[in-house]
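Structural overview
For reference, the chains in residue letters:
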Amino acid sequence: MLNVEHLHFRYPNSESDTLKDLSFTMESGQIFGFLGPSGSGKSTTQKILYKLLTGYEGRVLFAGKNLNEWGQDFYEKIGVCFELPNHYSKLSALENLAFFGAFYSKPLLNAMELLEMVGLEKDANKPVADYSKGMKMRLNFARALLHQPEFLFLDEPTSGLDPIHAKRIKDIIRDQIAKGTSIFITTHNMFDADQLCDEVALLHQGEIKALDKPGELKRKYGQEVLALKLQNGESFRFPLQGLQENTAFQTALSKDRVLEMHSLEASLEDAFIQITGEGLL
């Protein structure tokens, strides 16, 4: 569905490339995650892939066709959920969806049903200026689905959402995959990526440092640990591997009564830190 070969990009007046030789392939019907901290090049990559940025080096194929050869019909096939909501604030949610829906020749989903899907049905006629950031994010997501695209670009789709609405959005993403939609997600939320993605690329300073299934990355680079908390307030973490010979573990146990002790599975963030030497903030 999407093939990127040796992608380079440099912003005007910049002394170095923002994207450095990115290559990856995304299969049809897949959720592909582009993961990394702010400033790593995630959003720049997406802007190139949905034709908002030009002037890159390398080759991008969408559905087997060079991205530069696609015309306006490209936008009939894709939906974009931007990280920062961009609506007409004086219009209501229904009016925003009607306005943007007029750009497409394809049959549209029912606007009120879409708003109900994202939990905005009670606020359908309220001016978007009165919406919270989370409500605007959910309207942004609904707008991306309006014309039933084959391919979705989602930039930090759960940013600013409370846990209940974040779960609602993730459930909708899973439903879209079940319907055959292909989804490209950029995020720094490793938990969301682990839950949703079939394959992930770890991006750091404009370079792909690792690319694999989330489970494989955790297995290769993460480390299962034992978390220990003593009654005196001290906390420790020890690798599960070789725990029986770990003298530091034995010393900790002798300090005071154990208040909590449990194992922690390796995470994608653990893998990212192991690979790059840096965290996600």
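Before reading on, note that the structure itself is shown above.
Each chain carries its own residue numbering, running from 1 in the direction its sequence is written. Where totals are concerned, whole chains, interfaces and linings use all residues; where local detail is concerned, this predicted model gives features only for residues with pLDDT of at least 70, and gives and counts side-chain atom pairs only at 80 or more. Each side-chain value is worked out from all heavy atoms of the structure, with water and hydrogens disregarded.

**Thoughts on the overall build of the chain**
Helix and strand counts for the chain stand at 10 helices and 13 strands. Overall, the C-alpha framework of the chain stretches about 70 × 45 × 40 Å when taken along its three principal axes. Exposed residues in this analysis have more than 50% of their type's maximum accessible area, buried residues have under 20%, and partly exposed residues fall in between, with area computed by a 1.4 Å probe over protein chains only. Sorting the 281 residues of the chain into buried and exposed places 45% on the buried side. The long-range fraction of contacts in the chain, counting pairs at least 24 apart against all pairs at least 6 apart in sequence, stands at 67%. We get accessible surface area from the Shrake-Rupley algorithm with a probe of 1.4 Å; when it comes to residues, only the shown protein chains can shield them. As presented, the chain carries roughly 14300 Å² of accessible surface, and 48% of it is formed by carbon and sulfur atoms. One way to put it: in the chain the 30 positive side-chain charges average out to a point 3 Å from where the 38 negative ones average out. A run of H or I in DSSP becomes a helix once it reaches four residues, and a run of E becomes a strand once it reaches two; helices and strands are each numbered from the N terminus. Only heavy atoms matter for contacts: two residues are in contact if any of them lie within 4.5 Å across the pair. His is not counted, nor are the chain ends, whereas Lys and Arg count as positive and Asp and Glu as negative. For the purpose of locating charges, the reference atoms are NZ of Lys, CZ of Arg, CG of Asp and CD of Glu.

**Some remarks on the side chain of Thr-158**
Position of Thr-158 relative to the elements: it lies in the loop between strand E7 (151-155) and helix H6 (163-178). With relative accessibility at 12%, the residue Thr-158 sits in the buried group. Within 3.5 Å is the distance limit for a polar contact, defined as a pair of N or O atoms, with the added protein rule that one can donate a hydrogen and the other accept it, and that residues adjacent in sequence qualify only through two side-chain atoms. Within the structure, the side chain of Thr-158 is placed 2.5 Å from the side chain of Asp-192, a separation counted as a polar contact. Not counting chain neighbours up to four residues away, the residues in contact with Thr-158 comprise Ala-166, Lys-170, Asn-189 and Asp-192.

**Some remarks on the sheet that holds strand E9 (residues 199-204)**
With mixed pairing, the six strands of this open sheet are ordered in space as E6-E7-E8-E3-E9-E10. The two strands at the open ends of the sheet, each matched to only one other strand, are strand E6 (78-81) and strand E10 (207-212). Put simply, the sheet's adjacent strands are angled 15° from each other on average, direction ignored. Two strands form a pair only when DSSP identifies at least two bridges running between them. Taken together, the five bridges between E9 and E10 define a ladder with antiparallel strand orientation. Counted as the bridge partner of Ala-201 is Leu-211 from E10. The convention used is that axes are lines fitted to C-alpha atoms, helices contributing only their stretch in contact, and that angles between N-to-C directions extend from 0 to 180 degrees. Docked against the sheet, H6 engages strand E3 (31-35), E7 and strand E8 (182-187), running at close to 150° with respect to E8. Sitting on the sheet, helix H10 (residues 268-276) touches E3, E9 and E10, and the angle it makes with E9 is about 40°.

**A few points about the packing of aromatic side chains**
Two numbers describe a pair of aromatic rings. These are the distance of the centres and the angle of the planes. Side-chain rings of Phe, Tyr and Trp (the six-membered ring for Trp) are treated as a pair once their centres are within 6.5 Å; stacked means planes under 30 degrees apart, edge-to-face means over 60, and tilted covers the remaining angles. All told, the structure shown has 21 aromatic pairs when counted by the stated rule. Measuring from ring centre to ring centre gives 5.8 Å for Phe-32 and Phe-184, while their planes differ by 20°; the resulting arrangement is stacked. One end of the pair, Phe-32, is in strand E3; the other, Phe-184, is in strand E8, and 152 residues separate them in sequence. For the pair Phe-32 and Phe-184, one class covers both residues: buried.

**A look at the side chain of His-147**
Structurally, the position occupied by His-147 is in the loop between helix H5 (133-145) and E7. In this structure His-147 comes out as buried when scored by relative accessible area, which is 1%. Polar contacts involving the side chain of His-147 include one to the main-chain carbonyl oxygen of Ile-78, which spans 2.6 Å. Apart from residues lying up to four places away in sequence, His-147 is in contact with Tyr-75, Glu-76, Ile-78, Gly-79, Tyr-104, Lys-106, Pro-107 and Leu-108.

**Regarding the pattern of salt bridges**
Salt bridge, as applied in this entry: a Lys or Arg side-chain nitrogen positioned within 4 Å of an Asp or Glu carboxyl oxygen. Scanning the model with the defined rule gives nine salt bridges in all. Residue Glu-5 pairs with Arg-59 through a salt bridge whose shortest N-O separation is 3.1 Å. With a gap of 54 residues between them, Glu-5 in strand E1 (residues 2-9) and Arg-59 in strand E4 (residues 57-62) connect regions that are remote in the sequence. Judged by relative accessible area, Glu-5 falls into the partly exposed class, the value being 27%. The class for Arg-59 is partly exposed, based on a relative accessible area of 37%. Between Asp-17 and Arg-10 there is a salt bridge; the shortest N-O distance is 2.9 Å.

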